[in-house]
Amino acid sequence: MNPGRGGRIVRADETTAGRGLGMRKWVAFALAWLVVLAGAFLASRVQTDGGQVSVSEVRIPAGQGVTVAGLLYRPRGATAATPAPGVLVSHGYINTREMQSPFAIELSRRGYVVLAMDMTGHGYSGGIVGTAGFGGPAALRHLKGLPFVDKAAIGLEGHSMGSGPVMAAALSDPEGYRAIVLEGSTPGLLGAPAPERPRNLAVVFGQYDEFAGLMWGVPKGSAVASSPKLARLFGVAGPVEEGRLYGSIADGSARILANPPITHPWEHFSSAGVGDAVDWFQRTIPPPHAMPAADQVWLWKEIGTLIAFIGLLGLIVTTFDVLLGLPFFAALNRPAEPAVERRSGRWWLSLAISAALPALTYFPLMKLGQIFFPMAAFPQWVQNQLLVWALGTAAISLIIGLVLRSRPAFTNRWGLSMLAALATMAVAYVSILVIDAAFKVDYRFWVLGLKPLDATRALQLPGYLILWSLFFLVAIRGLAANIAVRGEGLLAAISWGKIAMAAGFGVLVIWEYATLFSTGFLATPTEPLNVIVAIQFVPLLGIIGVVGAWTYRRTNSYVPGALICALLISWYVTSGTANHWQPGFEPTLPGAPAKT
């Protein structure tokens, strides 16, 4: 036996048990890293076609002093001696180039050189939304200037607002491309310039596309064939026939419509949406290695980055556990003391309020948030709206808390909590730098995506971090005070945490899409963008519930979990959404041209 703190005798078996627990924490930490690296490796192997395609960063000077960023997919057979056809692809609003990886993967494995660009104001591109033709003309010039690209065999593809850069590119070089695919989009979206008669155009528009009215002036996506705008574009008097080839590929007048049974965000994440684009390019710009359009492997890349994303969550909670085992953070290590003794009627009421309130306030507060205009400290209009929703919901939660009047006893150590949160998320950030450098992938699945910050967005982060911290301090405190139950196990705690945080948004999304699939209309048909944004908050809020419950159980404090969540979400949103304010540019909103 040995004397412990305060003179207490510590038995040898207690010391051994403590060492065993510490070892298990380190093993869990190592396993989380293994999951991250294994997922990233799988994604990289698919993305590079088993090493047959190189994926590299490019930076392209554009007009108005802006640089356009992109990922270049170069098949091994594309050389100066044997130049390959090229395709420029662009994501939509509040997305980044990685969202186009299904198209880039399938086209590059068929032998096309693919440039997946970040629109200006998005990702690592400079400027604001719409600057320099969304960056499209500069990206097209760069692609055509590569010595291993066949300048006479160029295609353009854009999803949603991605029609802006590809149409601007086509307008800048009317004879410099052979074919275009518009996925869930339309020429001249929100007044953006576009050629009147684009060459060899394929329109892929989902039967359940949430933006049918905006894009084609029809009530729902299944009615796109009857759109007068589409008829004019196809040069016909009546409805367009899906699947019929209009015009001639040889003279550039060809037109075709695909109307698969998919939604707007599925158009770039489905075999139908990707396959229709691949098929059109193979018909209009024959590739070195033609394959059936249905022969697709891109989903395995998404599965790989999803596995890595799951590993990231494991890395966050295991890093926190490892830190608590270090002497410096030992004072944080305290078992939770929930105030709730059992799941009574009051507990179920608290759970219902916690789950429902964020979903109930989402649409009205997002609309109110439109008055939070972009500015120097807060340049991202969509993130500004999200913060009005978050802080408004937090304010309502505080008022409800005064009525419910729970009396939890927390052990809050603010300084140590801040350091633990920063250290935890520093390890998480190092992990994404590692997989970016080693495998050129990030953490993502479908509409969910987390990527490294560039210098511009890193400087934007602090202001947003402060506001997100206010929200999460309220949200995680409520989770710990009202949802945690004395004596429950870890699995139960994190399961109820996920339900409390994410169930309301899950019900909201299910309601919207059940209505869409049954009627052709969203339950809130005037809110298509916010409905799509809501999809990603189901898993994000689930992650918040896990982190909040986990850290509270370890510390009897809501502060570390709240700060970890604030760091994670401010990083997530800041890296992935659009800038509407930059020095030297007038703030612009969607549909308004950028000005110098």
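No experiment lies behind these values; they were computed from the predicted model shown.

Caption draft 1: Broad picture of the environment of Glu241. In this fold, Glu241 is placed in the loop between helix H6 (228–234) and strand S10 (255–258). C-alpha separation for the pair Glu241 and Ser226, spaced 15 residues apart in sequence, amounts to 9.0 Å.

Caption draft 2: Here's a closer look at the pattern of salt bridges. Going through the model one piece at a time under the given rule, you end up with 20 salt bridges. Put simply, Glu57 and Arg59 hold a salt bridge, and the shortest N to O gap is 2.6 Å. Beyond isolated ion pairs, a larger network of salt bridges with shared partners links Glu57, Arg59, Arg97, Glu98, Asp118, Asp436, Lys440, Asp442, Arg444 and Lys451.

Caption draft 3: Main features of the packing of helix H9 (residues 345–368) against helix H14 (residues 528–555). The interhelical angle for the contact between H9 and H14, taken along N-to-C directions, is 125°, at an axis separation of 11 Å. The orientation of H9 relative to H14 falls into the category oblique. In the crossing of H9 with H14, the sense of the turn from one axis to the other is right-handed. In this structure, H9 contributes Tyr362, Phe363 and Met366 to the contact, and H14 contributes Asn530, Val531, Val533 and Ala534. When its residues are assigned to classes, the contact of H9 with H14 shows six nonpolar, one polar and no charged.

Caption draft 4: Region of interest: unusual backbone geometry. Despite not being glycine, Ala132 has its phi angle at roughly 55°, a positive value. Structurally, Ala132 can be placed in the loop between strand S6 (113–117) and helix H3 (136–145). In this model, Leu190 sits at a positive phi of 55°, which is unusual for a non-glycine residue. When you line up the elements, Leu190 lands in the loop between strand S8 (179–183) and strand S9 (201–204).

Caption draft 5: Region of interest: the confidence of the model for the protein chain. Residues at a pLDDT of 70 or more form 95% of the protein chain, whose mean pLDDT is 94. Throughout residues 4–8 the model reports pLDDT below 50, and contacts reaching past four residues in sequence, or to other chains, amount to five contacts. Below a pLDDT of 50 lies the segment residues 591–596, which in the model reaches 14 contacts outside its immediate sequence neighbourhood of four places, other chains included.

Reading the values: the criteria
Residues numbered from 1 in each chain as written. Predicted model: local features only at pLDDT ≥ 70, side-chain atom pairs only at ≥ 80, totals over all residues. Heavy atoms only, no water. Helix = DSSP H or I, 4+ residues; strand = E, 2+ residues; numbered from the N terminus. Salt bridge = Lys/Arg side-chain N within 4 Å of Asp/Glu carboxyl O. Axes fitted to C-alpha atoms, helices over the stretch in contact; angles between N-to-C directions. Parallel < 35°, antiparallel > 145°, perpendicular 65-115°, else oblique. Left-handed = near helix turned anticlockwise from the far one by under 90°. Contact = heavy atoms within 4.5 Å. Nonpolar A, V, L, I, M, F, W, Y, C, P; charged D, E, K, R; others polar. pLDDT = per-residue confidence, 0-100.

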